[in-house]
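What follows is each chain in one-letter form.
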Amino acid sequence: MFKGSLVALATPFDSNNRVDYGSLKGLIEFHVREGTDGLVIAGTTGEAATMNREEHTELVAKSVEYVAGRLPVIAGTGSNSTRQTINMSLSVAEVAEIDAFLVVVPYYNKPMQEGMYQHFTAIADAVPKPVLLYNVPGRTVADMQAETVARLAEHDNIFGIKEATGDIDRLRQIKALVADDFMLYSGDDFTALEFLETGGHGIVTVSGNVVPAAVARLCRLVREGQFDEARALDETLQPLNDALFVESNPIPVKWALSRMGLIPPYLRLPMTEFSKQHHEQMLAALATAGVNLEDAA
């Protein structure tokens, strides 16, 4: 399926709190030009939790239109309701020719492992495109264990997992239990290099929003066995990772993108403005990662 740098795309909003489709089109062109390997639309970074169904489906449809077949598109459609997730996924599939669904472990209601298994099985049975599992206990409070992932990996319509614990031992546990063709993606930019070196297939990245060419190159270097170059590149990206998560995602990344001239600076409540006390850290990190704001769009 998909390999390399899959960018969890930020959603631009205008001053009236609407999706800014002009900026979205420009953002997608930026990623095509810079070599991003795929886009994840309407995920956590895309502030999907603040959108109603009509906005959500239109965002995915417009993104697919602007991509125009040049990149794979994965649509985030997960929620803490099995029925709602199925309905949202079917609504998206009606209006957009996506390549896969990203479905998060249900948040807030804290299902047991059997509940997770039945939740994802019901969704995979119902939707017309492959499902990518998404485990991010830092946000959901529920942690899908390796044994549950292995059970779900046997489903014909579940092809992989975005594993965002940042725990490389968890990756090893999953790898030991699933077939070689089950796809493994890091959801943690800090440990992405080690994840790839340990046999991961790619990254669903936040950092790739602002340095797409660098993150795509990092993935490529590991695939080609150029580990020393990959580690040197990763060192230049770690300060950016720190800055991008000094406050809740996507607050910092949208500020960085706005300084780069790629999107307006707006977020939806309950997300708030990036604190001024972190601006200098972000600017220094962007410079270390090779972003020249004087040459920005």
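Relevant structure appears above.
These remarks concern the structure in this document. Quantities reported herein were computed from a predicted structural model and do not represent experimental measurements. (Residues numbered from 1 in each chain as written. Predicted model: local features only at pLDDT ≥ 70, side-chain atom pairs only at ≥ 80, totals over all residues. Heavy atoms only, no water.)

Further remarks concern the overall build of the protein chain. Along its length, the protein chain carries 12 helices and eight strands. Against the 2.2 N^0.38 benchmark of 19 Å for 297 residues, the protein chain shows a C-alpha radius of gyration of 18 Å, consistent with a compact globule. Seen through its principal axes, the protein chain has C-alpha atoms that stretch 50 × 45 × 35 Å. For the protein chain, the proportion of its 297 residues judged to be buried stands at 55%. The contacts in the protein chain between residues at least 6 apart in sequence include a share of 73% that link residues at least 24 apart. Carbon and sulfur atoms provide 47% of the accessible area of the protein chain, an area that totals close to 12600 Å². Computing the positive centroid from 24 side-chain charges and the negative centroid from 39, the protein chain places the two 4 Å apart. (Helix = DSSP H or I, 4+ residues; strand = E, 2+ residues; numbered from the N terminus. Rg over C-alpha atoms; globule rule 2.2 N^0.38 Å. Buried < 20%, exposed > 50% of the residue type's maximum accessible area, 1.4 Å probe, protein only. Contact = heavy atoms within 4.5 Å. Areas by Shrake-Rupley, 256 points an atom, 1.4 Å probe, with all protein chains shown as cover. Lys, Arg positive; Asp, Glu negative; His and termini not counted. Charge placed at Lys NZ, Arg CZ, Asp CG, Glu CD.)

Counting 87 residues, the largest nonpolar core has Leu133 and Val210 as the members making the most contacts within it. Apart from residues lying up to four places away in sequence, Leu133 is in contact with Leu102, Val103, Phe120, Met144, Val149, Leu152, Ile158, Gly160, Ile161, Lys162 and Phe182. (Core = buried A, V, L, I, M, F, W, Y, C linked by side-chain atoms within 4.5 Å.)

Put simply, Asn249 and Pro250 share a cis peptide bond, and its omega is 10 degrees. Here Pro250 shows up in the loop between α10 (227-244) and α11 (251-259). The peptide bond linking Leu269 to Pro270 adopts the cis configuration, its omega dihedral lying at 15 degrees. Along the chain, the position of Pro270 falls in the loop between α11 and α12 (279-288). Of note, Ala68 is a non-glycine position whose phi angle comes to about 55 degrees, a positive value.

Let us now look at the side chain of His279. If you trace the backbone, His279 turns up in helix α12. When its relative accessible area of 18% is taken as the criterion, His279 is described as buried. Within polar-contact distance, the side chain of His279 engages the backbone oxygen of Phe274 at 3.1 Å. Contacts of His279, omitting those with residues within four sequence positions, involve Trp255 and Phe274. (Polar contact = N/O pair within 3.5 Å; in protein donor to acceptor, adjacent residues only side chain to side chain.)

This next bit is on the environment of Asn80. When you line up the elements, Asn80 lands in the loop between β3 (73-76) and α3 (82-95). Taking relative accessible area as the criterion, Asn80 reaches 27% and is therefore assigned partly exposed. Separated by 45 residues in the primary sequence, Asn80 and Gly35 place their C-alpha atoms 34 Å from one another. In contact with Asn80, not counting residues within four places along its chain, are Pro106, Tyr107, Tyr108 and Asn109. One polar contact links the side chain of Asn80 to the main-chain carbonyl oxygen of Tyr107, over a distance of 3.5 Å.

Glancing now at the packing of α11 against α12. In a packed pair of helices, the relevant descriptors are the angle between the two axes and the axis-to-axis distance. Close contact between α11 and α12 brings their axes to 11 Å; oriented N to C, the two are set at 65 degrees. In this structure, the crossing between α11 and α12 has a hand that is right-handed. Residues Pro252, Trp255, Ala256 and Arg259 of α11 form the contact with α12, whose participating residues are His279, Met282, Leu283 and Leu286. Class assignment for the residues of the contact of α11 with α12 results in six nonpolar, one polar and one charged. (Axes fitted to C-alpha atoms, helices over the stretch in contact; angles between N-to-C directions. Left-handed = near helix turned anticlockwise from the far one by under 90°. Nonpolar A, V, L, I, M, F, W, Y, C, P; charged D, E, K, R; others polar.)

Everything listed is a geometric property; what it means functionally is a separate question.
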